[in-house]
Amino acid sequence: MDRTLIRNFSIIAHIDHGKSTLADRILEVTGAVDKRQMRAQLLDSMDLERERGITIKASAVTVWHTYQGRKYQLNLIDTPGHVDFNYEVQKSLQACEGALLLVDCSQGVEAQTVANAYLAIECNLEILPVLNKIDLPHARPDEIVEEIENAVGVDATDALKVSGKTGAGVAELLDRIVERIPAPKGSPDAPLRALIFDAVYDEFRGIIVYLRVFEGSISERQVAHMLGTDRVYEAIELGCFTPTMKRTGGLTAGEVGYFISNIKTLGDVRIGDTITLHKGPKVEMLPGYRPPVHMVYADFYPTNNGDFEHLREGLETLSLSDSSFSYEPVTSEALGFGFRCGFLGLLHMEIVQERLEREHDLDMVQTAPTVTYRVKMAAGEEKEIHSPGQLPQPDKYEEVLEPYARITVMVPSEYIGPMMQICADHRAQFVRQDHLSATRVQLVYDIPLAEIIYDFYDKLKSSTRGYGTLNYEITGYKQGELVKLRILVNGAEVDALTTIVHKDQAEYRGRQIIKKLRKEIPRHLFEIALQAAIDSRVIARETISALRKDVLAKCYGGDVSRKRKLLEKQKEGKRRMRQVGNVDIPQKAFLSVLGGGEEDG
Amino acid sequence: MPASTARGLVCAVVSAALEHGVPEAGWTGDPGAGSAERARAVEAALASAQPSLYVHVPFCVTKCHYCDFYSLPAQGEPISATVDALLVEAEQRATPRPPTVFLGGGTPSLLSVTELARLLDRLDDLTGFRASAVEVTVECNPESLDEEKAACLLEHGATRVSIGFQSLHERTLELFGRAHTVDDSFRAYAAARAAGARNVNVDFIYAHPELTSEQWTRDLARIATLEPEHVSAYNLTFEEDTPFRRWLEQGRLQRSSEDVELEQFWTTRARLAASGLHAYEISNFARSGRECVHNERYWRNADYVGIGPSAVSHVAGLRRGNARSRAKWSADVEQRGCAAEWEERLAPRARLGETWWLGLRTRRGVEPARARALAGFDSGEDPCERAALDLARDGFLEAREGRYALSARGLPLADALARRFLA
Ligand SMILES: Nc1nc2c(ncn2[C@@H]2O[C@H](COP(=O)(O)OP(=O)(O)OP(=O)(O)O)[C@@H](O)[C@H]2O)c(=O)[nH]1
Ligand code: SF4
Ligand SMILES: [Mg+2]
């Protein structure tokens, strides 16, 4: 393939600005998918993506476009817009020479528009601003051009106006892509260097590796060498995505495609690794991906203790398709064996959990998400903790440092007041305020990350009627007045419910947690005391009174079997509860407490 | 005991029940009382290795709204053919010399005197129960029990009559969907007495939405004036697949509060005890020596053969149940020569747990060694005796003469405690 006829680009934007819908139109206009097979957001192939209407995982597709009599191969990557999937965007951008920066013409520039644009700039990509949803009655393209120039600093005067809904402007956009996005530079004659940017597990064909070839070429039956893991595999099948997999027999510099060998072991493939030819000339590894920064940690425990190995397999398989979360085994007295996992954000955590439950048929309990704290020990050294339980006794350390983030909130001007109130309630410090246009403002604050993961985002959304958007980046660590909040049932600590909170919020949080527990723990034969404590000081208390009546009125010969089975089933339910001290706590109680959110009890 | 002292005692028990919820003693009265001869016969029947006999007559006049027993409205049903089929099954299954017999349902009294006589006579031919059984009960409902029928029952071998009163309030009988009035119940009771019945049970339901505790206390006094030998009083249960359950779920009926249920539970025990009717099981009360031997055998996990649709048998560790359909049952009896649709044989540990669960419902309680022997449990430490020790220490059980029984504290928690014993 003549690389001057190849264009590699990603579509980037804020969430819901229409990336996947524009990709649909591109697939249609180029004839990659015929009208009959078309469905909305075709590239969102995961059930979860379709249900939630958002893209979670980037997907690549090859389409063909004829421009001035020549046939061009366009390799397009549709990326997710949510801040948590930023890492996917970064990965996609590394496989491209250009990016379409899509902006919804009625919403305007939002937090991820800016954040993703900067990622593309960092990768030295050619950025094409595109004004989308031009069909909407409230479209205000001229203002948006101004917003783009103010917030991102790229020239948007000749930005194309398109509609992913009607298809207006899409053919023109394809021409513009060919004209403006540079062809890949790598030489097809150089030694092979290809980047593994994704992989999926297929029951029958083993692991399918997704590649971007930067230099050189590879064809079937040649032997590939993965430099990072130092493994060799014969290329059994090579091809591209059209969007279904289409065998081409080989891949050359500039192309994006897939590689199938007989790879069965999940650990053998690493996303970001470089592939070259076995026994070919030595090559330098491609830069690969920088390790993801995990914002939040939470523990996953299988509901059924026997499912631990099953959970491990699930995590291994999933990490192939999503390399951005981490996991390591942990043990909890209350919840048994599980894994501590690191995520890019709360939605990411939720998605990983749901995918494990669906794709691997697992039932899990998850602990409250927590950030990474740093503890300055009395002895002088500093250590990181990923779980509240790891916080030592108060006399053992000097201070606790917590991660801070600089947040950028973009809101229509009328919501500045409520937004500032929320920031004040969450220990945020004002940095500055910029006007993006006559009606939109950008607020910048410094805030403890723990505040964001608790309920900040929900509050932001609800008090701006969904118009406020948020971007955040970790800026560093600061000392915080933090305490360990412990929950005790009849005097025994429920380790899974321990949290680290700011001292001013401890009492409120403690009260909330035990109120929820009170609702979910069934009455026992004895009274149960629920306490929230900071160190050894009890700050809130509730009691669950003893069970008073539980007896079948009738039991005769004909009933024995059925009623015994009923009792046995109830007993089985009890057995599945977690025992802490002498109290049985149902899974539901953990879920309700760990589910967060405010609720009066 | 002089009457005044008795009343004083009652008041103490009642006020204890009402004020503190729980009286001091879980059980009153004395198990093996009555005449020495009767007591010996009862003990022998309880211990007998011969299975008891239960016969299920699957018809009622109408279906009561709370009831989940298997029974069909009798109108248009092949009653005589059903009696035939019962007798065919009895030929196949009934074992000789049953220590007790129970004709239940459904409403056995709904059968004509001719059918009843035929049924009892043939059962006696097959098993010889008239000579062997210490107790032969027939369940009756007020709308179908008159003196003639009662006399017929007694003449053909019945020794005990059970009458379903359920309530002393017309409105409640209507809510329950019963086919009789309060007067009918009293008339039926009088008829049974007139015919010479010397062992009569009356059935009641309390803690239903219309019954206040004051009313129930008055009802209990009225029940006592009947001077029955036995009372069964059940806390209303909203059984699955009944109109009551549906109404509960739809919000048309309310469950009584736990306080009301407990109050009525303890009031029942205190009031009836004061009239000489002592609780010997969660919901059963009797004059000393008039406890229902047949049912006591169930709670001892002893053997019995059940005849009729939905009936269950328990013989030598094997429990088998007949189809809950008259048509399927009679076809099974006639074509397969066996009506059992399911069976269950429990492992020793499960049987041990079951024996404890059942036994703990009673005043007699459980004797650990007997439970082990019955269950065939001999592998190491007895987990049930262990659990009993723990619960006795916490005050939920009482140990007396090597037996464990529920304490007053444990009584209303019988099921929660039972779960500790089950496998
Ligand atoms: N009116 C109009 N609606 C559009 C247009 N493009 C997309 N939409 C709608 O906008 C919503 C979001 O579209 P998507 O294509 O899923 O947006 P996205 O950018 O891929 O979203 P994420 O992948 O979650 O970041 C959907 O309801 C689309 O139907 C357009 O040009 N005009
Ligand atoms: S009479 Fe007895 S068996 Fe028949 S429906 Fe009523 S409660 Fe049930
Ligand atoms: Mg999308």
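Here, the structure is the one placed above.
Engineer: Break down the overall build of chain B for me, citing the residues and quoting the values.
Structural biologist: Looking only at helices and strands, chain B features 17 helices and 16 strands. Within chain B, counting contacts between residues at least 6 apart in sequence, those at least 24 apart form 72% of the total.

Engineer: Which residues make up the overall build of chain A, and what values go with them?
Structural biologist: The number of helices and strands found in chain A is 13 helices and 33 strands. By residue count, 47% of the 601 residues in chain A fall in the buried class. Considering only intrachain contacts with a sequence separation of at least 6, the fraction spanning at least 24 residues in chain A is 70%.

Engineer: Could you give me a rundown of the interface of chain B and chain A, with the residues and numbers involved?
Structural biologist: On the side of chain A, 21 residues touch chain B, which itself brings 33 residues to the contact. Where the side of chain B that touches chain A is concerned, the elements lending two or more residues are strand 8 (230–235), helix 11 (258–274), helix 12 (293–299), strand 11 (304–307), strand 12 (312–315), strand 13 (318–322), helix 14 (348–359) and helix 17 (414–421) of chain B. Broken down by element, the residue count for the side of chain B that touches chain A peaks at 5 residues, all from helix 17 of chain B.

Engineer: Please give an account of the site of ligand 2 that cites residues and values.
Structural biologist: Contacts to ligand 2 come from Cys60, Lys63, Cys64, Cys67, Phe69, Ser71, Gly105, Gly106, Thr107, Asn141 and Gly164 of chain B. Of the residues contributing to the shell around ligand 2, the split by class is 4 nonpolar, 6 polar and 1 charged.

Engineer: Quick rundown of the site of ligand 1? Include the residues and the values.
Structural biologist: In the vicinity of ligand 1 there are 21 residues, among which Gly18, Thr21, Ile54, Thr55 and Gly81 of chain A approach most closely. No other element matches the 3 residues that helix 1 (residues 19–29) of chain A contributes to the shell around ligand 1.

Engineer: Tell me about the nonpolar core, and name the residues and values.
Structural biologist: Ranked by internal contacts, the top residues of the largest apolar core, which has 167 residues, are Ala99, Leu101, Ile196, Val209 and Leu211 of chain A. In contact with Leu211 of chain A, other than residues within four places in its own chain, are Ala194, Leu195, Ile196, Leu251, Val256, Gly257, Tyr258, Phe259 and Ile275 of chain A. The next biggest cluster of nonpolar side chains, apart from the first, holds 119 residues, and it includes Val551 of chain A together with Leu123, Ile307 and Trp329 of chain B.

Engineer: For the environment of Tyr201 of chain A, give the residues involved together with the corresponding values.
Structural biologist: Residue and element names in this part refer to chain A. With respect to the secondary-structure elements, Tyr201 resides in strand 7 (residues 193–202). Taking the C-alpha atoms as reference points, Tyr201 and Ile263, separated by 62 residues in sequence, lie 9.3 Å from one another. Not counting residues up to four positions away in its chain, the partners in contact with Tyr201 are Ile207, Thr317 and Leu320.

Engineer: Residue-level account of unusual backbone geometry, with values.
Structural biologist: With an omega of 0°, the peptide bond running from Thr242 of chain A to Pro243 of chain A counts as cis. Its location among the elements puts Pro243 of chain A in the loop between strand 12 (237–241) and strand 13 (245–247). Following Gly105 of chain B, the chain continues into Gly106 of chain B via a peptide bond in cis, with omega recorded as 20°. Here Gly106 of chain B shows up in the loop between strand 4 (100–105) and helix 4 (113–127). Here Asn124 of chain A, not a glycine, exhibits a phi torsion of approximately 60°, which is positive. Mapping Asn124 of chain A onto the fold places it in the loop between helix 4 (111–122) and strand 5 (126–132). Positive phi outside glycine occurs at Glu227 of chain B, with the angle close to 55°. Position of Glu227 of chain B relative to the elements: it lies in the loop between helix 9 (213–225) and strand 8.

Quick notes on the rules
Residues numbered from 1 in each chain as written. Chains lettered and ligands numbered in written order. Predicted model: local features only at pLDDT ≥ 70, side-chain atom pairs only at ≥ 80, totals over all residues. Helix = DSSP H or I, 4+ residues; strand = E, 2+ residues; numbered from the N terminus. Contact = placed C-beta atoms within 7 Å. Buried ≥ 20, exposed ≤ 12 C-beta atoms within 10 Å, placed from the backbone. Near = placed C-beta within 6 Å. Nonpolar A, V, L, I, M, F, W, Y, C, P; charged D, E, K, R; others polar. Core = buried A, V, L, I, M, F, W, Y, C linked by C-beta atoms within 7 Å.

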